[in-house]
Amino acid sequence: MRWENLTVEPTAQPAHGRADAALFGADAVTTRTFDTPEFRGITFHEIRARSIINRVPGASRMPFEWTVNPYRGCTHACVYCFARKTHSYLDLDTGIGFDTQIVVKVNAPELLRRQLGSARWQGEHIAMGTNVDCYQRAEGRYGLMPGIIAALRDHANPFSILTKGTLILRDLDLLRQASEVTDVGISVSVGFTDPGLWRTVEPGTPAPERRLDVVRTLGEHGIGCGVLMAPVVPFLSDHPAQLRATVRAIAAAGATSVTPLVLHLRPGAREWYMAWLGQHHPHLVRRYERLYAEGAYAPKWYQRRITRQVHELAREYGIGPTRAEMPRRIRPPEPVPPPAHGTETAEPVQLTLI
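Note that the structure is a prediction, hence the values are computed from the model and not measured.

> Describe the overall build of the protein, and please don't skip the residues or the numbers.
Scanning the protein from terminus to terminus reveals 11 helices and 13 strands. Relative to its 354 residues, the protein shows a buried fraction of 46%. When contacts within the protein are restricted to residue pairs at least 6 apart in sequence, long-range pairs at least 24 apart make up 75% of them. Total accessible area on the protein stands at roughly 18700 Å², and carbon and sulfur atoms take up 54% of it.

Given below as structure tokens:
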């Protein structure tokens, strides 16, 4: 693969005067494979990133401005994943390569702690799991998230996590500690509960019922968890009976909210998904070509219909919105009482180590 556009030789000058033009040093890539069943066929590219807090492009539809992504590529292998295109920036394949060539930013926790401590950082909300899943299978080996959450906790920095992974329960204590000092939002992605569809469209993820167990467990430990009902897959998971079954299961798990999101097919993901569709549901190819003829998103009328149906079902099953909490609650230092009237103030004492 080519790393030239993302690395810099020690003697090279930054392009256009940008000191951060490269993501990592040219000599900082270590490629590994592991001969264990869960990682068979997967290659890991370990890097030392130069920056870990990323600004979301202004044209993005995302409702947040900053993200942290400790991984690139994802072993969840969701055929519709919109992040597939990002692998092309590394000259990696956006199909099977996205599922099996995983970039690991091994210095993410220490780098985040340093950036959060910078005077330039203003404590804005940081979203995680919005590009690729930070609790994908690789996290079980590399264990980057405990250090990341601890850094956010120690700086009382608000954050949110979106995941399909059950491994988030490993970090339950850290999440509880963080929620005591800042706003912590957790969402689990469950677009449908159909086991047959899950096995073919999200082959590397935990089963939907296991993800709903995560929602239930978090709630039992005092951490409210919403569900991103994503994606709602046209003609495969959008029948009213299917929507009802999914919302019912989400409500039974104790979700604090449910937000539907219809499948969108950006370049990179579109080609891979349509190839999958042609193999598994060839009779739907023409319908998809018509539905997505205008671009990556389904027509507004279709999105509104799905949103209305899901919201009506959510009301029926008693799922309501969550209340936003104060984002930062760092306790101010205790005031030092003034000396009593007529009492001399003691001179400062130099402390020693021994």
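Read on for the rest.
> Which residues make up the sheet that holds strand S3 (residues 30-33), and what values do they have?
The sheet built from 4 strands is open, its strands ordered S3-S4-S8-S7 with mixed pairing. Lying at the two open borders of the sheet, with one neighbouring strand each, are S3 and strand S7 (71-72). With 5 bridges joining them, strand S4 (residues 43-47) and strand S8 (residues 101-105) adopt parallel strand pairing. Along S8, the bridge assignment pairs Glu 46 with Val 104.

> Outline the confidence of the model for the protein, supporting the account with residue identities and numerical values.
Taken over all residues, the pLDDT of the protein has a mean of 85, while the share at 70 or more is 81%. Confidence drops under pLDDT 50 across residues 1-22; counting only partners more than four residues distant or on other chains, this segment forms 33 contacts. Long-range and interchain partners of residues 322-354, a stretch whose pLDDT sits below 50, account for 24 contacts in this model, where long-range means more than four residues apart.

> Account for the packing of aromatic side chains, with residues named and values stated.
Per the counting criterion, the structure on display carries 10 aromatic pairs. For the ring pair Phe 235 and Tyr 288, a centre distance of 5.7 Å and an interplane angle of 85° mean the geometry is edge-to-face. Separated by 53 residues along the polypeptide, Phe 235 in the loop between strand S12 (225-232) and helix H8 (240-252) and Tyr 288 in helix H10 (residues 285-291) bring together distant segments of the chain. Note on Tyr 288: relative accessible area 0%, which makes it buried. For the ring pair Tyr 288 and Tyr 292, a centre distance of 5.7 Å and an interplane angle of 10° mean the geometry is stacked.

> Which residues make up the sheet that holds strand S13 (residues 258-262), and what values do they have?
Reading across from one edge, S5-S6-S9-S10-S11-S12-S13 is the order of the 7 strands in this open sheet, with mixed pairing throughout. Each edge of the open sheet carries a strand with a single partner, namely strand S5 (53-55) and S13. On average, adjacent strands in this sheet sit at an angle of 25° to one another, irrespective of strand direction. Here 4 bridges tie S12 to S13, and the two strands are oriented parallel to one another. What sits directly across from Met 229, in S13, is Pro 260. Contacting strand S10 (159-163) and strand S11 (184-189), helix H5 (residues 172-179) crosses the sheet at an angle of about 140° to S11.

> Tell me what's going on with helix H9 (residues 269-280), and back it up with residues and numbers.
With 12 residues, H9 should reach 16 Å at 1.5 Å per residue; the first-to-last C-alpha distance of 16 Å fits that figure. Every buried residue of H9 is listed here: Ala 269, Tyr 273, Met 274, Trp 276 and Leu 277. Viewed along the axis of H9, the buried residues span an arc of 160°, placing them on a single side of the element. Looking at the buried side of H9, the elements it contacts are helix H6 (195-201) and H10.

> Tell me about the pattern of salt bridges, and please be specific about residues and values.
Close approach of charged atoms allows side chains of opposite charge to pair. Applying the stated criterion across every chain, the model contains 13 salt bridges. Here Arg 32 ties to Glu 46 by a salt bridge, and the two come within 2.6 Å at their closest N and O atoms. Pair noted here: Arg 32 is in strand S3 and Glu 46 is in strand S4, with a separation of 14 residues, a long-range link. Looking at Glu 46, the relative accessible area reads 11%, which means it is buried. Where Glu 289 meets Arg 286, a salt bridge forms, and the shortest distance between an N and an O atom there is 2.4 Å. A residue pair is termed a helical-turn pair when its members lie 3 or 4 positions apart in one helix, as Glu 289 and Arg 286 do in helix H10 at 3 residues. A relative accessible area of 35% means that Glu 289 is categorised as partly exposed.

Basis of the calculations
- Residues numbered from 1 in each chain as written.
- Predicted model: local features only at pLDDT ≥ 70, side-chain atom pairs only at ≥ 80, totals over all residues.
- Heavy atoms only, no water.
- Helix = DSSP H or I, 4+ residues; strand = E, 2+ residues; numbered from the N terminus.
- Buried < 20%, exposed > 50% of the residue type's maximum accessible area, 1.4 Å probe, protein only.
- Contact = heavy atoms within 4.5 Å.
- Areas by Shrake-Rupley, 256 points an atom, 1.4 Å probe, with all protein chains shown as cover.
- Pairing = 2+ DSSP bridges.
- pLDDT = per-residue confidence, 0-100.
- Phe/Tyr/Trp six-rings, centres within 6.5 Å; stacked < 30°, edge-to-face > 60°.
- Axes fitted to C-alpha atoms, helices over the stretch in contact; angles between N-to-C directions.
- Expected span 1.5 Å × (residues − 1).
- Arc of directions from axis to C-beta.
- Salt bridge = Lys/Arg side-chain N within 4 Å of Asp/Glu carboxyl O.

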